[in-house]
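So you can see what is in the structure, the chains are spelled out below.
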Amino acid sequence: SRCAVVGAWVPNGTRHEPEDMVGVSHLIEHMVFKGTSKFSAYDLARSLECVGGEVNAYTGREHTCFHTLSLSENLDLSIHVLSQLVRHANFDPKEFEKERKVIQQEILMSADDLEEYVYDLFFEKVFGKSSLGWPILGTAHSIQTMDRQKAYDYYKSHYTPSNMIVSAAGNIEHDKLVEMVEKELGGDWGIEAPAKLIITPEIHKLGEVFHKDSEQFHIVASFPSSSYPHKDRFESYVLNTMLGGGMTSLLYQKIREERGLVYSIF
């Protein structure tokens, strides 16, 4: 293989946000691509694309990831670009205002995609007031009222070496990778990420129907299962695969193939 994939993982997502800043992690993910101390927004996109690579990011409920794909000979460039994203974004006020509108459109677009939106509704209902139930994108109100300086301060205090994991795969020499990462992301930034208050949420049992004009309906049925460190985790993966993990699964064969009731089931 001649490729290298690198990711900078920050264990910070919707679950860890203050209630008055719901969606700030996702907003930060957008803002870092709008310009850094070295790159304009266009230069960030061009930096890896001009050598056949790519850079992207995503936000989840418990982490944010910035990642690159490139030829292995461009590994140093990939890590340099990642360091700019997680360390040197400048949060230009004009770009901040523009990105508000972009995310508000993304929120509306998400609500139109019922296959995705049903999970937002599900998390909101099943986790109640827990931050795990908050929407990753934020709400129209939280994004509209988000303070630029508070968002920037949140970025500077949470996206730090003590709160980050760099992972890489592909045609990579480990010692060289470590050297590059230490050069770009090492050192004392003078900031320790604040301790996270992780509260186990209460699970609310429910049976609820949400009405919206659509040609299809979407059903989520959920049950308690094993956690990631649980000894039965791999058995639960096998059970999941048997039930709905692919085209040969029991649910797919019975409900899609034999009866033709659905387009997708998993």
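Scroll up to find the structure.
Okay, so let's go over this structure. (Residues numbered from 1 in each chain as written. Predicted model: local features only at pLDDT ≥ 70, side-chain atom pairs only at ≥ 80, totals over all residues. Heavy atoms only, no water.)

Some details on the overall build of the protein chain
The following threshold applies: Helix numbering and strand numbering both begin at the N terminus, where a helix is a DSSP run of H or I of at least 4 residues and a strand a DSSP run of E of at least 2. Here's how the labels work: a residue is buried when its accessible area is under 20% of the maximum for its type, exposed when over 50%, partly exposed in between, all with a 1.4 Å probe on protein chains only. Whether two residues touch is decided by their heavy atoms; if any such pair falls within 4.5 Å, the residues are in contact. To measure how exposed things are, a 1.4 Å probe is used in the Shrake-Rupley method; for residues, cover is taken only from the protein chains shown. For the purpose of charge, His is not counted, nor are the chain termini; Lys and Arg are scored as positive and Asp and Glu as negative. Throughout, a charge is located at the NZ atom of Lys, the CZ atom of Arg, the CG atom of Asp or the CD atom of Glu.
Secondary structure assignment for the protein chain yields 10 helices and four strands. When the backbone C-alpha atoms are referred to their principal axes, the protein chain occupies close to 55 × 45 × 35 Å. Classification of the 266 residues of the protein chain by burial places 37% in the buried group. Of the contacts made within the protein chain by residues no fewer than 6 positions apart, 78% connect residues no fewer than 24 positions apart. Total accessible area on the protein chain is roughly 16,600 Å²; 55% of this is exposed by carbon and sulfur atoms. Averaging the positions of the 26 positive and the 38 negative side-chain charges in the protein chain gives two centres separated by 1 Å.

Examining helix α7 (residues 148-158)
The following threshold applies: The arc in question is the one spanned by the directions pointing from the helix axis to the C-beta atoms. Here a polar contact means two N or O atoms within 3.5 Å. Within protein one must be a hydrogen donor candidate and the other an acceptor candidate, and residues neighboring in sequence count only if both atoms are side-chain atoms.
Buried residues of α7: Ala-151, Tyr-154, Tyr-155 and His-158, and no others. Relative to the axis of α7, the buried residues are bounded by an arc of 100° and lie together on one face. Those residues of α7 hidden inside the fold are in contact with β1 (3-10), α1 (24-31), α3 (75-87) and α4 (93-112). For α7, the N-terminal cap is Asp-147; the gap from its side-chain oxygen to the backbone nitrogen of Gln-149 is 3.2 Å.

Some thoughts on a nonpolar patch on the surface
As a reminder of what qualifies: Surface patches are defined over residues having more than 30% relative accessible area and no salt bridge, joining like charges when they lie within 9 Å and nonpolar side chains (Val, Leu, Ile, Met, Phe, Trp, Tyr) when within 5 Å. Think of a salt bridge as a Lys or Arg side-chain nitrogen and an Asp or Glu carboxyl oxygen that are within 4 Å of each other.
A cluster of nonpolar side chains, namely Leu-239, Leu-243, Leu-250 and Leu-251, defines an oily patch on the protein surface of about 340 Å² accessible area. When contributions to the nonpolar patch are tallied by element, the ones reaching two or more residues are α9 (233-244) and α10 (250-258). Its location among the elements puts Leu-239 in helix α9.

Examining unusual backbone geometry
Despite not being glycine, Phe-91 has its phi angle at roughly 50°, a positive value. Summarising the element assignment, Phe-91 is placed in the loop between α3 and α4. In this structure Phe-91 comes out as buried when scored by relative accessible area, which is 0%.

Digging into the pairing of strand β2 (residues 54-59)
Which entries qualify depends on this criterion: When DSSP finds two or more bridges between a pair of strands, those strands are recorded as paired.
Only one face of β2 is buried, namely the one carrying Val-55, Ala-57 and Thr-59, since none of Glu-54, Asn-56 and Tyr-58 on the opposite face is buried. Remark: four residues form the turn of the hairpin made by β2 and strand β3 (residues 64-71), two consecutive strands paired antiparallel.

Concerning the state of the cysteines
Just so we agree on the cut-off: The rule for a disulfide is simple: a pair of cysteine sulfur atoms within 2.5 Å.
A full pass over the atoms with the stated rule returns zero disulfides. Looking at the unpaired Cys-50, the closest cysteine sulfur is the one in Cys-3, lying at 18 Å.

Regarding the sheet that holds strand β4 (residues 165-170)
Applicable threshold: Between the N-to-C directions of two axes lies an angle of 0 to 180 degrees, each axis being a line fitted to C-alpha atoms and, for a helix, fitted only over the stretch in contact.
The four strands are arranged β2-β3-β1-β4 in an open sheet whose pairing can be described as antiparallel. Sheet topology places β2 and β4 at the edges, where each strand pairs with a single neighbour. Across the sheet, the mean angle separating the axes of adjacent strands is 15° when strand polarity is ignored. Pairing of β1 with β4 involves six bridges; the strand directions are antiparallel. Bridged to Val-5 within β4 is Ala-169. Sheet contacts for α3: β1, β2 and β3; angle to β3, the most-contacted strand, approximately 155°.

Considerations on the packing of aromatic side chains
We count it as follows: Within 6.5 Å between ring centres, the rings of Phe, Tyr and Trp (the latter by its six-membered ring) count as paired, and their orientation is classed by plane angle as stacked under 30 degrees, edge-to-face over 60, tilted in between.
This model, assessed by the stated rule, comprises 10 aromatic pairs. Relative to Tyr-58, the ring of Trp-9 lies with its centre 6.2 Å away and its plane at 85°, an arrangement referred to as edge-to-face. One end of the pair, Trp-9, is in strand β1; the other, Tyr-58, is in strand β2, and 49 residues separate them in sequence. By relative accessible area, Trp-9 is classed as partly exposed at 31%. Taken together, the aromatic side chains of Phe-66, Phe-91, Tyr-152, Tyr-155 and Tyr-159 make up a single cluster linked through ring pairs.

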